[in-house]
Amino acid sequence: RRLVMMVVLLLLLVLPGLASQHDLAELDAQEQAVDPKGYLLYCPCMGRFGNQASHFLGVLALAKSIDRTLVVPPFISYKEYPLILEPYEAYFDIEALRAYHRVVSMEAFMNTIGPAIWPPEQRYMYCYSFQPDKPVDCHTKEGNPFGPFWDGFQIDFVGDREVTYGMSPAQWQSAFPPSEHHVIALRGAPAKFPVLPEHRGLARYVEWHSAARQQAEATIHQKLQRPYVAAHLRVGSDWRNACEFLPTTDYMASPQCDDLRPEPLVTSELCLPSFDIVLAELQEAAVQHNARSVYIGTDDLTYVDRLREAWTLSDVSIVT
């Protein structure tokens with residue numbers, strides 16, 4: 001019944017824009033050298049941060065299996081219209097990924113070797129087609145975020161190319177040899193959601209950027225009293241609507257928790273706990289860990305107002 005995610009040790013309150021664009025003067029040799037085995041690009045165009053991060057692990061695994069350098073895209077944020085492109089290094093350390101496979105940030109790629117090895121007249125969009133009797137149509141830059149994402153790097157495409165769904169690594173290499181398809185740009189992430197069990201372990205290579213850690217520590221010092229607990233409360237209108245489709249055995253990213261439960265049934269109560277349950281479990285956690293403050297990240301600040309009104313632990317503050 002532990003419905004609220006409690007983070008007891010280090011709370012990393014990552015805020016947007018804490019790392020600047022990659023300094024081109026400091027790009028290392030790996031980013032400037034041309035990979036003869038080719039490159040894989042994609043638009044992280046499904047969902048918000050969590051979905052994009054989940055897809056990223058699957059794409060990282062694919063890039064390694066087909067032995068192409070992964071061009072790591074920025075995260076897409078919708079805090080401003082039509083979108084904001086936040087570099088991977090605004091949050092995470094790209095160097096840590098290289099312990100697993102070859103990578104280069106999209107910013108570095110397009111500002112160094114990209115224009116030379118991928119000139120405008122050779123830029124094709126690759127996409128899956130499920131209508132073999134019709135010409136492939138990737139709807140390349142139609143709509144948001146597809147159009148604004150590629151526009152953010154001044155990338156246009158001259159045509160579409162079909163990718164067969166479910167290809168093995170050997171089939172990828174046979175169908176798209178680097179000598180003829182040096183850069184493959186996919187319309188969306190070539191990965192499943194939720195992330196496959198065999199790819200979950202790749203999260204070990206996703207490490208916080210040092211600047212993110214420093215700002216997180218500064219924020220903790222300024223806003224929280226130790227010891228503290230933290231909770232992520234997804235209770236906004238879009239989430240409430242999503243929880244109306246329950247019960248079911250498999251919903252969104254629920255499979256990552258199924259190993260912990262004998263019966264992997266996602267109920268409405270699991271999806272959207274009642275206010276009384278959330279209040280009780282937050283207070284129980286605060287007492288259990290002798291917390292002096294509780295940090296809440298949420299998509300509905302009015303919910304936090306209700307928690308403060310009902311809170312009975314006078315020596316424990318609620319912080320957002």
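Above this text you will find the structure in question.
Residues numbered from 1 in each chain as written. Predicted model: local features only at pLDDT ≥ 70, side-chain atom pairs only at ≥ 80, totals over all residues. Heavy atoms only, no water.

**Topic: the side chain of Glu86**
Within the fold, Glu86 resides in strand E5 (residues 84-86). A polar atom in the side chain of Glu86 sits 2.9 Å from the side chain of Lys79. (Helix = DSSP H or I, 4+ residues; strand = E, 2+ residues; numbered from the N terminus. Polar contact = N/O pair within 3.5 Å; in protein donor to acceptor, adjacent residues only side chain to side chain.)

**A word on the state of the cysteines**
Inspection of every chain in the model, using the stated rule, returns three disulfides. At a sulfur-sulfur separation of 2.1 Å, the disulfide partner of Cys127 is Cys138. Looking down the S-S bond of the Cys127 and Cys138 bridge, the torsion is -85°, so its handedness is left-handed. Of the two residues, Cys127 sits in strand E7 (residues 124-128) while Cys138 sits in the loop between E7 and helix H6 (146-151), which places them 11 residues apart along the sequence. Per residue, the accessibility class of Cys127 equals that of Cys138, and both read buried. What pairs with Cys243 in a disulfide is Cys271, and their sulfur atoms sit 1.8 Å apart. One quick way to see it: the torsion about the S-S bond of Cys243 and Cys271 is about -75°, and its sign makes the bridge left-handed. One end of the pair, Cys243, is in the loop between helix H9 (237-242) and helix H10 (268-271); the other, Cys271, is in helix H10, and 28 residues separate them in sequence. You can call Cys243 buried: its relative accessible area is 5%. (Disulfide = S-S within 2.5 Å. Buried < 20%, exposed > 50% of the residue type's maximum accessible area, 1.4 Å probe, protein only.)

**Thoughts on helix H2 (residues 49-65)**
Taking 1.5 Å of rise per residue, the 17 residues of H2 would be expected to cover 24 Å, and the 25 Å separating its terminal C-alpha atoms lies within 8% of that figure. Of the surrounding secondary structure, the elements contacted by the buried residues of H2 are strand E2 (39-42), strand E3 (69-72), strand E4 (75-77), helix H3 (94-97), strand E6 (103-105) and helix H7 (169-175). Backbone geometry just downstream of H2 places Asp67 in the positive-phi region, at approximately 60°. (Expected span 1.5 Å × (residues − 1). Contact = heavy atoms within 4.5 Å.)

**Here we look at the environment of Glu207**
On the secondary structure map, Glu207 appears in the loop between strand E9 (183-186) and helix H8 (210-223). Relative accessible area serves as the criterion here: at 39%, Glu207 is assigned to the partly exposed category. Sequence separation between Glu207 and Tyr91 is 116 residues; the distance between their C-alpha atoms is 8.5 Å. In this structure Glu207 touches Tyr91, Phe92, Asp93 and Ala96, once residues within four positions along its chain are discounted.

**Digging into the pattern of salt bridges**
Charged atoms that come close allow side chains of opposite charge to pair. Taken as a whole and judged by the stated rule, the model has 12 salt bridges. The shortest N-O distance in the salt bridge between Arg98 and Glu95 comes to 2.6 Å. Given the relative accessible area of 14%, Arg98 is considered buried. Among the ionic pairs, Lys141 bridges to Asp156, the shortest N-O distance being 2.6 Å. Here Lys141, found in the loop between E7 and H6, pairs with Asp156, found in the loop between H6 and strand E8 (159-163); they are 15 residues apart in sequence, far enough to count as distant. (Salt bridge = Lys/Arg side-chain N within 4 Å of Asp/Glu carboxyl O.)

**Quick look at the sheet that holds E9**
A sheet is described by the order of its strands in space; here six strands give the open sequence E6-E3-E2-E9-E7-E8, paired in parallel fashion. Looking at strand neighbours, the two that pair on one side only are E6 and E8, the edges of this open sheet. Averaged over all neighbouring strand pairs, the angle between strand axes comes to 30°, with direction disregarded. Sheet topology places E7 next to E9; two bridges connect them, and they run parallel. Bridge pairing in E9 links Met125 to Ala185. (Pairing = 2+ DSSP bridges. Axes fitted to C-alpha atoms, helices over the stretch in contact; angles between N-to-C directions.)

**Comments concerning unusual backbone geometry**
The omega torsion of the bond from Arg226 to Pro227 falls at -10°, within 30 degrees of zero and hence cis. Positionally, Pro227 belongs in the loop between H8 and strand E10 (228-233). In this chain, Leu246 is followed by Pro247 through a cis amide linkage whose omega measures 10°. Here Pro247 is to be found in the loop between H9 and H10. A positive phi angle, near 55°, is found at Gln154, a position not held by glycine.

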